[in-house]
Amino acid sequence: MTAATAPAAPRPAPTGRSARRGAAAAALGSGRLLRLELRRNAMLWLLPVVFALFWYNGYREIMALPPMWNLRAMSLQNRLLFDLAVPVTAAAAWMGSREGRRGIADLVAGTARPRWSRQLAGWAATTAWAEAGCLACVAVVYLMTARQASWGGPPWWPAVVSAAGVPMLTAIGFAAGAWFPGRFVTPLATVVVFFGLAFGTQAASGDHSYWQISPLTAGAVDIGAAPGVATFYRYLPDLSIAQVMFTAGLTVAVLGALGISAARMRWLAVVITAVGLTAAGTAVALAGTGRFDPHGMIVIPALHNAASDQPVRYTPACSHTPIPVCVHPAFATFLPAMTAAVGPELTEFAGLPGAPARISQVTAVYRQVSGNGITVSGGGTSAAAFVVPDQVPGWLGTTGGEFAAQLDEGMGIQLASDMILGGDGQQSASGPGQAQLAVIAGSVRFPSSVESRDLAPLYGRLLPQPGIPADRAARRFAALSPAARHAWLAGHLGCGARCTGTGTTTARSRCR
Amino acid sequence: MYGHWDDYGALQMPLIFEAACAAIIAVAAGSPFGEPERATGRWLPYLRLGTAVTLTGLAAGALAAAGTGLPLAGGFPDILRNVAGLTGIGLLCATVLGAPLAWTGPLTYLVAGMYGLYTDWHPPALGTPWLWPARPPHDVGGALCAAAVFAAGLAAITLRGARERRGGDGPG
Amino acid sequence: MNVEITDLTRRFGRNLAVAGVSLETGPGVFGLLGPNGAGKTTLLRMMATVIPPSSGRLRLLGRDPGAYGPRREVRRRLGYLPQNLGYYPGFTVAEFVEYFALLKEMPAAQVPAAVATAVERVDLGGRARTKLRTLSGGMLRRVGIAQAIVNEPELLLLDEPTAGLDPEQRVHFRALLRDLGQRATVVVSTHLVEDVGAACSQVALMDQGKIVFHGTPAELTARGTERGTGDAPLERGYTAVLAAARS
């Protein structure tokens, strides 16, 4: 060791200007400290684990979803914090317990920087890396979706909620480590936080459940990410705002509690903790006032902006089929599948009296019923309007065949029934006759999902039972080509009350 | 968590407790004595083995006892398989990374296991027996994989013990 | 006087670790000797403002560390090396010293130069970028000394600073102590009486929480002619004073 040669200069008393310079120097010192903490932070080592878990659990499932912004963004919110919770909380607990584990507590206790400030530097560095990991995952999903989606732009609230949840995880982990610096605190704190997140998703049920405050809950918990949600109408930020308030409040409360044991700043720490807890508690209470709106999202009256209720303007994407089918551009990816599923019906009925000029998708109407069930309706009774089933190919494992079957059951039967019955079947006390049912059944080619032959939602009747003459007739009719069926219907189908013409006796009366 | 065995939420919650026990057992594999213990005689491997096996059995028994009288989803076979397999992962981590970081394996696997259970009800299911929490309780493949990992972990901790590094393990 | 202690006590439960210690010292190197459990470390921890005293009066650098503001001022001018030095294994030598320079609220612009100087003074300039986990025990001790002197402290408290140092390094360390003692008050707690003899201008001997001797090393040596045992004159003085205190 070498001896120094120059004595230390005396320290001047601070003046006003030097006090300001001192504040700037203190900020610079805090910046250097933060830089040091960033370089040597445990979260940096766990980022590969973050990415691996996200790829394995969340990313593959999200990318398997149809390329719709609402689906992917809401699913991202459902999954991201779940995948991040273990590595992020563990890294934070590890950093928080650092001083105790390394036996450095005495050494740092004798330094001038307040403990709270010192701990905040460590927490901030952990949070910065964790947030970088979170945002990287968001960026990958959003960039990939931007390349694939047919319409719209990223809803930012799901990403904001996930990003706001990261400081909450690090704060809880860091505080647990700082208060209980033992070797078991890291796994225990991680498990407790993970359990809390998992339990929250299991416990939430209904539109006014307090548990929907969980940052893993995107939209209404009983629907979740559905294609019809936040498409025709804006993504409502009400629940997201409450969730951000909750996570931010909890973060502030926990960080404030870290300072309570410091004697000088105790009052300030108590105030900060109280403010944070109040914010979090208010958010939970607000979540409990939620109600399900017809567009599938949660409205929280105190946070709701009526301007969000306006529908989103769009230019529909239409097919080039005999009867054009027009859908919201977000569903344009499915247009080929739709026209393939109901193409025969479109060919069959195009140009016939009473055929719609085009069939347009309308928004689904969601309603909460008893037992926290959800009904999805919409489209009215006209064949000119239809609702695309939420079970689009790729959503929750739905196959193309299942999607086609639902279309047949919805759009196909609606169109066929409207054309054959002209609405008369609904008004008639006796309902549609056997012959009419046979033609309807043949038109939709007995789709497998209609094996129950259930037209009850429309007419209170079933399609012809197997073996009866009407069933045999229906199967002969179904065996014809769409063009042949078109020709037959052109010759036999009366126009009923829709005609402006001749009053000719219609085939409908002959069919009866 | 008290539902029928095929209620996936009822299987996910117990898995969290099982992973917590496994993580604690793995961290406990670290010696509080350090190098002097390694300079002792031939009983040390048996001590390590006995400690790991005893703690695993106690954990499984305690979890089963906690569910006594309840129609616990998965039952005792599920508990034993999961605790043993997760502990094996933790012991292997202790050997490679050191006891203070041994929790990384079980807790990372917990997330994968939770997802595996989720896919059982949201296909396509991840059917590999190496993801044994997602397999039915009496599934032989899952039990064999968990047993193999447990045996490997026991062997590693018995023969080599938890890794020790000067100044402790991990960053920070 | 940089250190003024009057009837200072510290109790841990029923154990009275420091039982009414009084001493004053100014610039120079002050040695603190004593057997295990005498209360040296506890006294040093109180002087380092790590723990508060149970009773008594303590003034450091002309300030009362019982109040927040003065205590923070004292800590900016303090250097402390505890007996059991903890460290962050992943930090490098320079990073560890920088960390404590920042915790001591040194002006940020001065930190790089101060860190470099401190690391050089403990002869670790060539290992500034080496991770702490790869260093030997003696080198770690020198890193601890570096962090204690990085802020050119006016009050330097060193608990067993030469533990793990080889003889050559101990010689250099004593020279460093003498140099530091020209400007600051250096309190060295040690079991090695030769360190006290080589570097300290004053020495106090503690036993069972009390100071049983306060004087110069020469005066302690002179006490050894009475009933002391040991291989060196200072050792005989040490044992003689302890024997007298316990009889």
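Residues numbered from 1 in each chain as written. Chains lettered and ligands numbered in written order. Predicted model: local features only at pLDDT ≥ 70, side-chain atom pairs only at ≥ 80, totals over all residues.

1. Let's talk about the overall build of chain C
Moving on, step 1. The helix and strand inventory of chain C stands at nine helices and nine strands.
Moving on, step 2. A globule of 247 residues ought to have a C-alpha radius of gyration of about 18 Å, and chain C, at 18 Å, matches this closely.
Moving on, step 3. Structurally, chain C occupies a C-alpha span of about 55 × 40 × 35 Å along its principal axes.
Moving on, step 4. Burial analysis of chain C (247 residues in total) assigns 55% to the buried set. (Helix = DSSP H or I, 4+ residues; strand = E, 2+ residues; numbered from the N terminus. Rg over C-alpha atoms; globule rule 2.2 N^0.38 Å. Buried ≥ 20, exposed ≤ 12 C-beta atoms within 10 Å, placed from the backbone.)

2. Structural notes on the confidence of the model for chain C
Residues and elements named next belong to chain C.
Moving on, step 1. For chain C, per-residue confidence averages 90 on the pLDDT scale, and residues scoring 70 or more make up 99% of the total.
Moving on, step 2. Across chain C, helix α3 (residues 93-103) holds the top mean pLDDT of 96, while helix α8 (residues 217-227) sits lowest at 81.
Moving on, step 3. Model confidence for the complex: the whole-complex pTM is 0.88, and ipTM, which rates the interface, is 0.90. (pLDDT = per-residue confidence, 0-100.)

3. Comments concerning the interface of chain A and chain B
Moving on, step 1. With 29 residues of chain A at the contact, the number on the chain B side is 24 residues.
Moving on, step 2. At the level of secondary structure, the elements contributing two or more residues to the side of chain A that touches chain B comprise α2 (42-64), α3 (69-96), α4 (98-101) and α8 (185-203) of chain A.
Moving on, step 3. Considering each element in turn, the side of chain A that touches chain B owes the most residues, nine residues, to α8 of chain A.
Moving on, step 4. Split into classes, the residues belonging to the side of chain A that touches chain B amount to 17 nonpolar, six polar and six charged. (Contact = placed C-beta atoms within 7 Å. Nonpolar A, V, L, I, M, F, W, Y, C, P; charged D, E, K, R; others polar.)

4. What to know about helix α12 (residues 400-421) of chain A
Residues and elements named next belong to chain A.
Moving on, step 1. With 22 residues, α12 ought to run about 32 Å at 1.5 Å a step, and its terminal C-alpha atoms sit 30 Å apart, in line with that.
Moving on, step 2. Considering bend angle alone, the principal kink of α12 is centred on Asp408 and spans about 35°.
Moving on, step 3. For α12, the tally of buried residues reaches 19 of 22 residues, placing the bulk of the element in the interior. (Expected span 1.5 Å × (residues − 1). Bend = angle between axes of the 7 residues up to and from the residue.)

5. Quick look at the domain arrangement of chain C
Residue and element names in this part refer to chain C.
Moving on, step 1. If you check the domain split of chain C, you get domain 1 (25-77 + 155-247) and domain 2 (84-152).
Moving on, step 2. Here the C-alpha centroids of domain 1 and domain 2 sit 24 Å apart.
Moving on, step 3. In this assembly, 13 residues from domain 1 lie in contact with ten residues from domain 2.
Moving on, step 4. Looking at the side of domain 1 that touches domain 2, the elements with two or more residues in it are α2 (68-76), β6 (155-159) and α6 (167-180).
Moving on, step 5. Looking at the side of domain 1 that touches domain 2 element by element, the count peaks at four residues for α6. (Domains from an automatic or database assignment.)

6. Some thoughts on the confidence of the model for chain B
Residue and element names in this part refer to chain B.
Moving on, step 1. Confidence along chain B averages 85 in pLDDT terms, with 87% of residues attaining 70 or more.
Moving on, step 2. Across chain B, helix α6 (residues 140-159) holds the top mean pLDDT of 95, while helix α2 (residues 35-38) sits lowest at 74.
Moving on, step 3. Low pLDDT, under 50, characterises residues 1-6; the predicted model gives this stretch 15 contacts beyond four residues in sequence or across chains.

7. A short note on the sheet that holds strand β2 (residues 15-25) of chain C
Strand-to-strand pairing in sheets goes through backbone hydrogen bonds, with the strands running parallel or antiparallel.
Residues and elements named next belong to chain C.
Moving on, step 1. Judged by pairing direction, the sheet is antiparallel, and its three strands sit side by side in the order β2-β1-β4 without closing on themselves. The sheet is open, and its two edges are formed by β2 and β4 (55-60), each paired on a single side. Strand after strand, the sheet turns through a mean of 25° between neighbouring axes, direction not considered.
Moving on, step 2. As paired strands, strand β1 (residues 3-12) and β4 are joined by five bridges and run antiparallel to one another. Note on β4: the bridge partner recorded for Ile5 is Leu58. (Pairing = 2+ DSSP bridges. Axes fitted to C-alpha atoms, helices over the stretch in contact; angles between N-to-C directions.)

8. A few points about unusual backbone geometry
Moving on, step 1. Phi at Ala230 of chain A is positive, roughly 60°, even though this residue is not glycine.
Moving on, step 2. Summarising the element assignment, Ala230 of chain A is placed in the loop between α8 and α9 (238-258).
Moving on, step 3. C-beta crowding within 10 Å serves as the criterion here: with 28 such atoms nearby, Ala230 of chain A is assigned to the buried category.
Moving on, step 4. Here Asp123 of chain C, not a glycine, exhibits a phi torsion of approximately 65°, which is positive.

9. Brief notes about the environment of Ala132 of chain A
All names here are of chain A.
Moving on, step 1. Tracing the backbone through its elements, the reader meets Ala132 in helix α6 (residues 115-148).
Moving on, step 2. Among the residues examined, Ala132 registers 15 C-beta atoms within 10 Å and is labelled partly exposed.
Moving on, step 3. The spacing of Ala132 and Trp69 is 63 residues in sequence and 22 Å in space, taken between C-alpha atoms.

10. Re the packing of helix α11 (residues 335-349) of chain A against helix α17 (residues 482-492) of chain A
Residue and element names in this part refer to chain A.
Moving on, step 1. Relative to each other, α11 and α17 sit at 35°, their axes nearing to 7 Å. When the axes of α11 and α17 are compared, the crossing they make is right-handed. Along its contact with α11, which presents Pro344, Thr347 and Glu348, the element α17 presents Pro482, Ala483, Arg485, His486 and Leu489.
Moving on, step 2. Across the contact of α11 with α17, the residue classes tally to four nonpolar, two polar and two charged. (Left-handed = near helix turned anticlockwise from the far one by under 90°.)

11. Brief notes about the interface of chain A and chain C
Moving on, step 1. The interface of chain A with chain C comprises 28 residues on the first partner and 39 residues on the second.
Moving on, step 2. Sorting the residues of the side of chain A that touches chain C by element identifies α1 (16-39) and α5 (105-109) of chain A as the ones contributing at least two each.
Moving on, step 3. Of all the elements, α1 of chain A adds the most residues to the side of chain A that touches chain C, at seven residues.
Moving on, step 4. Of the residues that constitute the side of chain A that touches chain C, the class distribution is 15 nonpolar, five polar and eight charged.

12. Focus: the sheet that holds strand β5 (residues 359-361) of chain A
Residue and element names in this part refer to chain A.
Moving on, step 1. Judged by pairing direction, the sheet is mixed, and its four strands sit side by side in the order β3-β4-β5-β8 without closing on themselves. Since the sheet does not close on itself, it has two edges, and those belong to β3 (317-318) and β8 (385-386), each with one partner.
Moving on, step 2. Here strand β4 (residues 325-327) pairs with β5 via two bridges, running parallel. Looking at the pairing, Val325 lines up with Ile359 of β5.

13. Quick word on helix α1 (residues 40-47) of chain C
Moving on, step 1. Counting buried residues in α1 of chain C gives eight out of eight residues, a clear majority hidden from the surface.
Moving on, step 2. Every buried residue of α1 of chain C is listed here: Lys40, Thr41, Thr42, Leu43, Leu44, Arg45, Met46 and Met47 of chain C.

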